[in-house]
Amino acid sequence: MAVPKKRTSKSRKRIRRNIWKGKANQAAIKALSLAESISTGRSKIFYCTTNDEPSGLSKSAFINESNDS
């Protein structure tokens, strides 16, 4: 027959929730940092879309500073 499990304490719930929120916060900080580096052109491995043509067509430019030689 099924036996109910012990109740999880409030402190344990709080610890688990804070760990979960901390991981989400770190992911958000990393994504913002990556977006800033792409927007400033300092990114070395990502594609950036530019709209230079008035017709609305966009072209992709590969941003790679290591190949500037």
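Residues numbered from 1 in each chain as written. Predicted model: local features only at pLDDT ≥ 70, side-chain atom pairs only at ≥ 80, totals over all residues. Heavy atoms only, no water.

With an unreviewed UniProt entry as reference, the protein chain is termed Large ribosomal subunit protein bL32c, source organism Zamia furfuracea. Its UniProt record, at the heading Subcellular location (unreviewed entry), says of the protein chain: "Plastid, Chloroplast". Turning to the protein chain, the UniProt record has this under Sequence similarities (unreviewed entry): "Belongs to the bacterial ribosomal protein bL32 family." (UniProt positions renumbered as here; feature names shortened; annotations may be inferred.)

Draft legend 1. Quick peek at the overall build of the protein chain. On a plain count of helices and strands, the protein chain comes out with one helix and two strands. Counted from the first residue to the last, the protein chain has its helices and strands arranged as α-β-β. Within the protein chain, buried positions represent 6% of all 69 residues. Here the protein chain has roughly 6,700 Å² of accessible surface; of this, 56% comes from carbon and sulfur atoms. (Helix = DSSP H or I, 4+ residues; strand = E, 2+ residues; numbered from the N terminus. Buried < 20%, exposed > 50% of the residue type's maximum accessible area, 1.4 Å probe, protein only. Areas by Shrake-Rupley, 256 points an atom, 1.4 Å probe, with all protein chains shown as cover.)

Draft legend 2. How the structure looks around helix H1 (residues 10–40). Relative to the 45 Å expected for 31 residues at 1.5 Å per residue, H1 spans 45 Å between its end C-alpha atoms, a close match to the ideal helical length. Positioned one or two residues after H1, Gly41 has a phi angle of 85 degrees, which is positive. (Expected span 1.5 Å × (residues − 1).)

Draft legend 3. Layout of the confidence of the model for the protein chain. Of the residues in the protein chain, 65% have a pLDDT of 70 or more, and the chain-wide mean is 76. For the protein chain, strand E2 (residues 59–62) is the element with the lowest average pLDDT, namely 48, and H1 is the one with the highest, namely 92. In the model, residues 56–66 has pLDDT below 50 throughout and makes 25 contacts with residues more than four positions away in sequence or in other chains. (pLDDT = per-residue confidence, 0-100. Contact = heavy atoms within 4.5 Å.)

Draft legend 4. How the structure looks around a positive patch on the surface. On the surface, a cluster of positive charge is contributed by Arg7, Lys10, Lys13, Arg14, Arg17 and Lys21. Looking at the secondary structure, you find Lys10 in helix H1. (Patch = residues over 30% accessible without salt bridge, like charges linked within 9 Å, V, L, I, M, F, W, Y side chains within 5 Å. Salt bridge = Lys/Arg side-chain N within 4 Å of Asp/Glu carboxyl O. Lys, Arg positive; Asp, Glu negative; His and termini not counted. Charge placed at Lys NZ, Arg CZ, Asp CG, Glu CD.)

Draft legend 5. Structural view of the side chain of Ser37. With respect to the helices and strands, Ser37 occurs in helix H1. Residue Ser37 is classed as buried on the basis of its relative accessible area, which comes to 16%. Polar contacts involving the side chain of Ser37 include one to the main-chain carbonyl oxygen of Leu34, which spans 2.8 Å. (Polar contact = N/O pair within 3.5 Å; in protein donor to acceptor, adjacent residues only side chain to side chain.)

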